[in-house]
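# Reading the structure
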Amino acid sequence: GENVEQHPSTLSVQEGDSAVIKCTYSDSASNYFPWYKQELGKGPQLIIDIRSNVGEKKDQRIAVTLNKTAKHFSLHITETQPEDSAVYFCAASRVVTGNQFYFGTGTSLTVIP
Amino acid sequence: DTAVSQTPKYLVTQMGNDKSIKCEQNLGHDTMYWYKQDSKKFLKIMFSYNNKELIINETVPNRFSPKSPDKAHLNLHINSLELGDSAVYFCASSATSGANEQFFGPGTRLTVL
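Our subject in this report is the structure included herewith. (Residues numbered from 1 in each chain as written. Chains lettered and ligands numbered in written order. Predicted model: local features only at pLDDT ≥ 70, side-chain atom pairs only at ≥ 80, totals over all residues. Heavy atoms only, no water.)

### Section: the interface of chain B and chain A
Threshold: In this description, contact between two residues means that some pair of their heavy atoms is separated by no more than 4.5 Å. By definition, the buried area sums, over both parts, the 1.4 Å-probe accessible area that each loses when the two are put together. Any Lys or Arg side-chain nitrogen found within 4 Å of a carboxyl oxygen on Asp or Glu counts as a salt bridge. Think of a polar contact as two N or O atoms within 3.5 Å of one another; within protein, one of them needs to be a possible hydrogen donor and the other a possible acceptor, and neighboring residues in sequence only count if both atoms come from side chains. Amino acids are sorted into nonpolar (Ala, Val, Leu, Ile, Met, Phe, Trp, Tyr, Cys and Pro), charged (Asp, Glu, Lys and Arg) and polar (every other residue, Gly among them).
Contacts between chain B and chain A engage 24 residues on the former and 19 residues on the latter. Of the roughly 1,700 Å² buried at the junction of chain B and chain A (both faces included), carbon and sulfur atoms supply 56%. Applying the counting criterion to the chain B and chain A interface returns zero salt bridges. For the interface between chain B and chain A, the tally reads three residue pairs in polar contact (both at pLDDT 80 or more). For the side of chain B that touches chain A, a count of residues per class yields eleven nonpolar, nine polar and four charged.

Encoded structure:
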């Protein structure tokens, strides 16, 4: 089965700095890679996703890069703000019925004002 | 408008009891899921239903029984609760075609005493 590793487990940055979270996966058949943000007491929410036919995707201050050969993908948050503080999860899956997600272990991001 | 809702939000009960958690989605999705999030924030799939049929059943004790009366509902019944069942349980849903984003509910925090 798929194994997703995520680093770092905790990350503290100053407001305005950039934050980078990295994930690796093991199953070369995985072709969909979402990133979820979980705020305290809430369910995870999708913030950005990327498919295996794309190397990079950007949405305002958030970007994701994918290296299929190396089987790793990263989340980049620029100009961080205190409201970016949350737990971030990466996931990998195949686009099939049922669409099982294999989640990373999460990164707790703290943005210091 | 709530997309994925769960009840109750908090559930405190004694060991050995039987309890249920309800989930409903109003997104018109065909696929629904149950996840367990432990104290270390690790998210793990438990079950997945597509059009009311079970398609993913991870290694979960048979004390856990999901029930899907229709495509919009997926309930989780737990028999003979144990201390180790304490966790946050998330329901999610996704469309089986097109985008594969999973939409998560707000979670149910189960505490077994």
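### Structural notes on the pairing of strand 2 (residues 10-13) of chain B
Residues and elements named next belong to chain B. Cut-off, in case you're wondering: The buried label goes to any residue with under 20% of its type's maximum accessible area, the exposed label to any with over 50%, and the partly exposed label to all in between, with areas taken from a 1.4 Å probe on protein chains only. Note on conventions: DSSP H or I runs of at least 4 residues are helices, E runs of at least 2 residues are strands, and numbering of each starts at the N terminus. In this description, strands pair whenever DSSP reports at least two bridges between them.
Going residue by residue along strand 2, you find Leu 11 and Thr 13 tucked away on one face and Tyr 10 and Val 12 left uncovered on the opposite face. In the sheet, strand 2 pairs with strand 11 (residues 108-112) via four bridges, with the strands oriented parallel. In the sheet register, Val 12 faces strand 11, and the bridge partner there is Thr 111.

### A short note on the sheet that holds strand 8 (residues 73-78) of chain B
Residue and element names in this part refer to chain B. Rules: To define axes, lines are fitted to C-alpha atoms, for helices over the stretch in contact only, and angles between the resulting N-to-C directions are given on a 0 to 180 degree scale.
An order of 1-3-8-7 is seen for the four strands of this open sheet, with the pairing classed as antiparallel. Each end of this open sheet is capped by a strand with a single partner; those strands are strand 1 (4-7) and strand 7 (64-70). Each strand of the sheet is rotated relative to its neighbour by a mean of 20°, with strand direction disregarded.

### Concerning the sheet that holds strand 7 (residues 62-67) of chain A
All names here are of chain A. Ordered by their spatial adjacency, five strands build an open sheet running 1-3-8-7-6, and the pairing between neighbours is antiparallel. At either end of the open sheet lies a strand with only one pairing partner, and these are strand 1 (4-7) and strand 6 (56-59). Across the sheet, the axes of successive neighbouring strands diverge by a mean angle of 15°, strand direction being ignored.

### Some remarks on the side chain of Thr80(A)
Residues and elements named next belong to chain A. Residue position: Thr 80 is located in the loop between strand 8 (72-77) and strand 9 (86-92). Looking at Thr 80, the relative accessible area reads 1%, which means it is buried. Among all residues touching Thr 80, those that are not within four sequence positions of it are Val 13, Gln 14, Glu 15, Gly 16, Asp 17, Ser 18, Ala 19, Arg 61 and Val 111.

### A look at the packing of aromatic side chains
Defined as follows: In this scheme Phe, Tyr and Trp rings, the latter by its six-membered ring, pair at centre separations within 6.5 Å, and the angle between planes marks the pair as stacked below 30 degrees, edge-to-face above 60, and tilted otherwise.
The full count for this structure, using the stated rule, is 16 aromatic pairs over all chains. Both rings, one in Tyr36(A) and one in Phe104(B), keep their centres 5.4 Å apart while their planes meet at 75°; by these two values the pair is edge-to-face. Taken together, the residues Tyr36(A) in strand 4 (residues 32-38) and Phe104(B) in strand 10 (residues 103-104) connect one chain to another. Taken as a pair, Tyr36(A) and Phe104(B) share a single burial class, namely buried. Look at Tyr33(B) and Tyr35(B): their rings are 6.3 Å apart centre to centre, the planes differ by 35°, and that puts the pair in the tilted class. Tyr33(B) gets classed as buried once you look at its relative accessible area, which sits at 0%. Put simply, the rings of Tyr32(A), Tyr36(A), Phe89(A), Phe101(A), Phe103(A), Tyr33(B), Tyr35(B), Phe90(B) and Phe104(B) touch in pairs and so form one group of aromatic residues.

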